[in-house]
Amino acid sequence: MADTSSIAQRLNRSLARYLHVVTARPHPDGAAAWTRSMSMAVALIVFLVLSLHPYDEYFSRMFTSPDSDLRNLRLITDIGLSKWYVIPAFIIIVCLIAIDWQHLPVPRRKRLHLVYTQATYAFWAISLAGTCTAIAKFFIGRARPPFIDTLGTGHFSPFAGGDDLASFPSGHSTTMGAVGAILALWFPRWRVPIILATMFIAFTRIVAQAHYPTDTVAGYSIGFLVAITLARFLARRHVIFRCERGRFFPVIGS
C-alpha cells in the first residue's frame, strides 16, 4: 500500500484524467451518445406517465391496502437506496488507487484496471442519475401518497423543498434504473431478467406508500437512460466502453 501523499497524488491524477475525458473531443467514428431511438423512448415514457397519471390514486390505494398480498414487499424496498451502491464503488476506487500497480504482473494489472474503471463508471452513473432526480424533485414538488386524502394525487408545490413534497420522480426507482442499466452492460446474457428484477424493486416503492406509479416509471426511466447515456458518452471517446453503430447497449472495452 502507498502512503497518504502518494494516494492523494494518484487521486488527483485520476480526477485529472476523467476531466480530460469529459472535455476531450469524441472520435469521429464513435457512435452518438444520444440517439433518435432514445428521444423516441423519452417521448413514449412521457406519454405513458401522462396516461397513467389519472389512475395513480386507484393503483396506489389498491397496492397499499392492508388486505393486499403485496404488503410484505415493502421489506425489500430499501434495496433501492443509492448508498448501497455508491459507497462500495467509492471504497473500491480508493482502495485500488492506494495500490502500487507498477509492481504487479500484467494480467493482474489488467484485471484491476477493469474493476477500477467499472467501479468509477458505476459511481458516476448512479450519482448523476440521483442528482438529476433530486433537481427534478425540487422543481416539481409533488406531494407523496400519505397526503392522498388531503391533497390528492395532483398537488404540486414547485421549489418548496422537503421530503413530503419529493414524490416525483422516485429516487429509489432512479437508483434501480441506473443499477439495472449497469448490470445489463456487465452481464448482457442476463439483460432481460436483470431489467425485470430492478423494475420489480422499483415497483415496491408503490407498495411502501412512498411513491405513485408515475413516480416510479419516471424515476426508473431517468436512472436507466442516464446510465446508458454516460456509457455511450465514454464509448464515443473510446474510454471504458466501445459502441458499435446500430446497437443501443455499449460493450465493455478491451
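As shown above, the structure is provided for reference.
Residues numbered from 1 in each chain as written. Predicted model: local features only at pLDDT ≥ 70, side-chain atom pairs only at ≥ 80, totals over all residues. Heavy atoms only, no water.

(A) Spatial organisation of the side chain of threonine 153. Following the sequence through the fold, threonine 153 ends up in the loop between α5 (106-140) and α6 (171-186). Leave out the neighbours within four places in its chain, and threonine 153 touches His53, Asp56, Glu57, Arg142, Ile148 and Tyr212. (Helix = DSSP H or I, 4+ residues; strand = E, 2+ residues; numbered from the N terminus. Contact = heavy atoms within 4.5 Å.)

(B) Geometry of the nonpolar core. Membership of the largest hydrophobic core comes to 43 residues, with the highest contact counts inside it found for Tyr121 and Phe241. Residue assignment for this core shows that the elements contributing at least two residues are α4 (83-98), α5, α6, α7 (191-207) and α8 (213-236). Per-element tally for this core: the top contributor is α8, with 10 residues. Apart from residues no more than four positions distant in its own chain, phenylalanine 241 is found in contact with Gln118, Tyr121, Leu185, Ala231, Leu234, Ala235, Pro250, Val251, Ile252 and Gly253. (Core = buried A, V, L, I, M, F, W, Y, C linked by side-chain atoms within 4.5 Å. Buried < 20%, exposed > 50% of the residue type's maximum accessible area, 1.4 Å probe, protein only.)

(C) The arrangement of the packing of aromatic side chains in detail. Inspection of the entire model under this criterion finds 13 aromatic pairs. When the ring of phenylalanine 59 is compared with that of phenylalanine 63, the centres are 6.0 Å apart and the planes differ by 15°; the resulting orientation is stacked. Placement of both phenylalanine 59 and phenylalanine 63 in helix α3 (residues 56-63) is noted, with a separation of four residues, approximately one turn of the helix. The partly exposed category is assigned to phenylalanine 59, whose relative accessible area is 26%. Here phenylalanine 63 falls in the buried class, since its relative accessible area comes to 16%. Where phenylalanine 63 meets phenylalanine 203, the ring centres are 5.0 Å apart and the plane angle is 85°; that geometry is what we call edge-to-face. On the criterion of sequence distance, the pair formed by phenylalanine 63 in helix α3 and phenylalanine 203 in helix α7 is long-range, its members being 140 residues apart. One residue, arginine 191, lies across the ring of phenylalanine 249, its end atom 4.0 Å from the ring centre. Geometry around phenylalanine 233 places arginine 237 over its ring, the cationic atom sitting 3.7 Å from the centre. (Phe/Tyr/Trp six-rings, centres within 6.5 Å; stacked < 30°, edge-to-face > 60°. Lys NZ or Arg CZ within 6 Å of the ring centre and 35° of its normal.)

(D) Up close: the side chain of threonine 175. Within the fold, threonine 175 resides in helix α6. When its relative accessible area of 7% is taken as the criterion, threonine 175 is described as buried. Apart from the residues lying within four places of it in its own chain, the contact partners of threonine 175 are Gly80, Leu81, Ser82, Tyr85 and Ile126.

(E) Seen up close, the packing of helix α2 (residues 36-52) against α8. The interhelical angle for the contact between α2 and α8, taken along N-to-C directions, is 170°, at an axis separation of 9 Å. With respect to α8, the element α2 is oriented roughly antiparallel. Here α2 contributes Met38, Val42, Ile45, Leu48, Val49 and Leu52 to the contact with α8, which in turn contributes Pro213, Thr214, Val217, Ala218, Ser221, Leu225, Ile228, Thr229 and Arg232. Across the contact of α2 with α8, the residue classes tally to 11 nonpolar, three polar and one charged. (Axes fitted to C-alpha atoms, helices over the stretch in contact; angles between N-to-C directions. Parallel < 35°, antiparallel > 145°, perpendicular 65-115°, else oblique. Nonpolar A, V, L, I, M, F, W, Y, C, P; charged D, E, K, R; others polar.)

(F) Looking closely at unusual backbone geometry. A cis amide bond, omega -10°, links phenylalanine 168 with the succeeding residue proline 169. Topologically, proline 169 is positioned in the loop between α5 and α6. We note that phenylalanine 159 has phi near 70°; this positive angle belongs to a residue other than glycine. For glutamine 209, which is not a glycine, the phi torsion comes out positive at approximately 60°. Considering the arrangement of structural elements, one finds glutamine 209 in the loop between α7 and α8.

(G) Summary view of the environment of leucine 151. You can see leucine 151 is positioned in the loop between α5 and α6. Each C-alpha atom of the pair leucine 151 and alanine 202 lies 24 Å from the other, and the pair is 51 residues apart in sequence.

(H) Here's a closer look at a nonpolar patch on the surface. Together, Trp34, Val42, Val46 and Leu50 make up a nonpolar patch on the protein surface, roughly 370 Å² of accessible area in all. Assignment of secondary structure puts valine 42 in helix α2. Note on valine 42: relative accessible area 30%, which makes it partly exposed. (Patch = residues over 30% accessible without salt bridge, like charges linked within 9 Å, V, L, I, M, F, W, Y side chains within 5 Å. Areas by Shrake-Rupley, 256 points an atom, 1.4 Å probe, with all protein chains shown as cover. Salt bridge = Lys/Arg side-chain N within 4 Å of Asp/Glu carboxyl O.)

(I) Spotlight on the layout of surface pockets. In this structure, the second largest pocket occupies an estimated 420 Å³ of space. In terms of lining, the second largest pocket is formed by 19 residues, of which the most central are Ile45, Met199, Val217, Tyr220 and Ser221. Among the secondary structure elements, those contributing two or more residues to the lining of the second largest pocket are α2, α7 and α8. Counting residues per element, the lining of the second largest pocket draws most heavily on α8, which supplies seven residues. (1 Å grid on protein atoms, 1.4 Å probe; cavity = no way out; pocket = protein on both sides within 12 Å on 5 of 7 lines; lining within 4 Å. Points joined across faces, edges and corners; volume = space filled by probe spheres on them.)

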